[in-house]
Amino acid sequence: MTYAITQTCCSDATCVAVCPVNCIHPTPDEPDFGTTEMLYVDPKTCIDCGACADACPVDAIFPVDRLTGPLKKYEAINAAHYEGREPAPVLASPTFHAWGEPAFARSLPSDFAPIRVAVVGTGPAGMYAAEDLLLHTNAEVTLIDRLPVAGGLVRYGVAPDHPGTKGAGDALARFHTHPRATVRLGVEIGKDVTPEELAAHHDAVVYAVGAPSDRRLGIPGEDLPGSLSATSLVSWYNAHPETAPEAVALGTARRAVIVGNGNVALDVARILVSDPAALAATDIADHALAALRDSRVREVVLLGRRGPEAAAYTASELLALGHVPGVELVVDTHDPRIAGAIDAAGPGDKAALLRDATRETVDWTRAPGDGGPRRIVLRFHSAPEEALGPDAVRAVRAGGADGPAEIPAGLLVRAIGYRGVPLAGLPFDEATGTVPHTAGRVDGMTGAYVVGWIKRGPSGGIGANRACAAETVGSLLADAVDGRLPKPAGSAKAFARLARDRTGRLIDARGLAAIDRAERARGAAAGRPRVKLATVPELVAAARRGRLRGPVG
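Now for a description of the structure that goes with this document. (Residues numbered from 1 in each chain as written. Predicted model: local features only at pLDDT ≥ 70, side-chain atom pairs only at ≥ 80, totals over all residues. Heavy atoms only, no water.)

## Looking at the sheet that holds strand β16 (residues 383-388)
Think of a sheet as strands paired side by side through backbone hydrogen bonds, with each pair either parallel or antiparallel. Strand order in this open sheet of three strands is β16-β17-β18, and the pairing throughout is antiparallel. What marks the edges here is a single partner per strand, and that holds for β16 and β18 (405-408). Neighbouring strand axes in the sheet, compared pairwise and without regard to direction, differ in orientation by 25° on average. In terms of strand pairing, strand β17 (residues 395-399) meets β18 through four bridges, oriented antiparallel. In the sheet register, Ala398 faces β18, and the bridge partner there is Ala405. (Pairing = 2+ DSSP bridges. Helix = DSSP H or I, 4+ residues; strand = E, 2+ residues; numbered from the N terminus. Axes fitted to C-alpha atoms, helices over the stretch in contact; angles between N-to-C directions.)

Below, the structure written as structure tokens:
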């Protein structure tokens, strides 16, 4: 019986590395790696060994005979990827080898001296870079984050009802206690410590600061109360300590409009209409759970500028959207091109997944009712033109080929992409929201590198950062071997003293473990996986209390 990869695939290719028969594609060496939505198991080649399932960091791989409910479709999705293709040759694997000339991705001299590298940012991009350095070199790594807790986008960006995806963070977290890793949390580079001071204490610095801002719509009324970014909403329901509980007010809104149809837009829509009783079993923020219990939102409308054949979301996220208990998925057929695209879609097209959705030309004069199910409405070929007030968002005017529609709504969420922000001491490209670089080397600087979204822009999921980090670390090591890295003037201990003096609340690996224990204990008492500490003072206090009680564990 073959295996299949399912919804929570992170595409980091851990499964590819352990497959003995080369049945998982695309591999990191293939041109479509990083562009396909997920990885796929070839059912004709799979030998049912289960190595991929054991290695998967996000529990996304199962025998097809164990797939039930919404996951059952992934048997066909995996098989469809290989229709019309010849089985891939077994080029290299742990068991079978095509013998030939040896090839080494990197070659470090035997007398390669240990280097000290600072990684700024503890999200997936930074941790993949740290993993590469710690597993494949003798480098000492300092992990730095401006927040008093690690995790980055895995902790504060992944939707709470996707616990499997958060497993990638657990896999990377093991490097927090690596003997050559040092954790320094609660340190903001550019504020507490300058980039020059950081560089003076390390041979190299890798910036993995992500894309924390958002893109704007540029329409009238965008700044009215009731209009906010998906970035803020996601941070709010994930208990980000820099997003206050009152930052999001659902009020009496019965309908919300989300501009965008990427995965983040679908996450927000799903959270807004999910049963709070189901969300209570996740690590959602307490304040968000309380607000959602009182929420009157019955319908969420997603506006997409293009048609269903060009939607930005992945097939797996759309499938998840169609199986939210008590929620009806509706396609607004206001434009004849929409139904035509769905009906003409081939078996492997995302638009084909909408064939089972309810279709109707929505009458916006009718208020979402309490009697029927909650709804998520996909409105394609529709662009926002104005948020209507006057004192707060009351409606959204959306244009289309069939003319404008006025959609009554009390909440407008823009989910049209993340954007990087300038970092003190580094060059910045305002057009792309990234740091200019060459293969990860920051342009015009020696010993400074970038990885993740600040390097390539906000594209790709968690696993895409592995290949991105490999390129950056490769550039860093090449520079080290060639003697191009400046020698640090200060020691690791000197940097720790500097950071502690500047912040007064430095958190190390023991403090981080204490936060984890405190949150899990709170969760156990409430029947949840964890209850997050939602403010900086709470996080710091937990780190200090727990740090005195015992070792990391």
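## A look at the pairing of strand β19 (residues 411-414)
Residues Leu411 and Val413 line one face of β19 and the alternating positions Leu412 and Arg414 line the opposite face, and both faces are buried. Inspection of the sheet shows strand β10 (residues 227-229) paired to β19 by three bridges, in the parallel sense. Residue pairing for β19: Leu228 is matched across the bridge by Val413. (Buried < 20%, exposed > 50% of the residue type's maximum accessible area, 1.4 Å probe, protein only.)

## Notes on the nonpolar core
Soluble, globular proteins show a tendency: their nonpolar side chains are buried together. Ranked by internal contacts, the top residues of the largest apolar core, which has 72 residues, are Ile5, Ile24, Leu39, Ile115, Val117 and Leu476. Sequence-distant contacts of Val117, that is, excluding residues within four places in its chain, are made with Leu133, Glu140, Val141, Thr142, His202, Ala204, Val206 and Leu476. If you look at the next biggest cluster of nonpolar residues, it comprises 52 residues, including Leu233, Trp236, Leu292 and Phe380. (Core = buried A, V, L, I, M, F, W, Y, C linked by side-chain atoms within 4.5 Å. Contact = heavy atoms within 4.5 Å.)

## What about the state of the cysteines?
Under the definition given, this model contains zero disulfides. With no disulfide of its own, Cys49 lies 6.2 Å from the sulfur of Cys52, the closest cysteine sulfur. A residue is classified by how much of its surface remains accessible, and Cys49, at 43% relative accessible area, is partly exposed. The structure places no disulfide on Cys56, whose sulfur is separated from the nearest cysteine sulfur, that of Cys10, by 6.0 Å. (Disulfide = S-S within 2.5 Å.)

## Regarding unusual backbone geometry
Note that the residue after His25, namely Pro26, is joined by a cis bond; omega there is -5°. Secondary-structure assignment places Pro26 in the loop between β2 (24-25) and β3 (40-41). The phi torsion at Ser11 lies on the positive side, around 60°, for a residue other than glycine. Residue class for Ser11 comes out buried when judged on its relative accessible area of 17%. Even without being a glycine, Ala13 presents a positive backbone phi close to 70°.

## Regarding the packing of helix α4 (residues 124-136) against helix α15 (residues 464-481)
The geometry of α4 relative to α15 is characterised by a closest axis approach of 8 Å and an angle of 50° between their N-to-C directions. Comparing their axes, α15 and α4 come out oblique. Relative to α15, α4 is oriented so that their crossing is right-handed. Contact residues: α4 offers Pro124, Ala125, Tyr128, Ala129, Glu131, Asp132 and Leu133, while α15 offers Asn465, Arg466, Ala469, Ala470, Val473 and Leu477. Each residue belonging to the contact of α4 with α15 can be placed in one class, and the counts come to nine nonpolar, one polar and three charged. (Parallel < 35°, antiparallel > 145°, perpendicular 65-115°, else oblique. Left-handed = near helix turned anticlockwise from the far one by under 90°. Nonpolar A, V, L, I, M, F, W, Y, C, P; charged D, E, K, R; others polar.)

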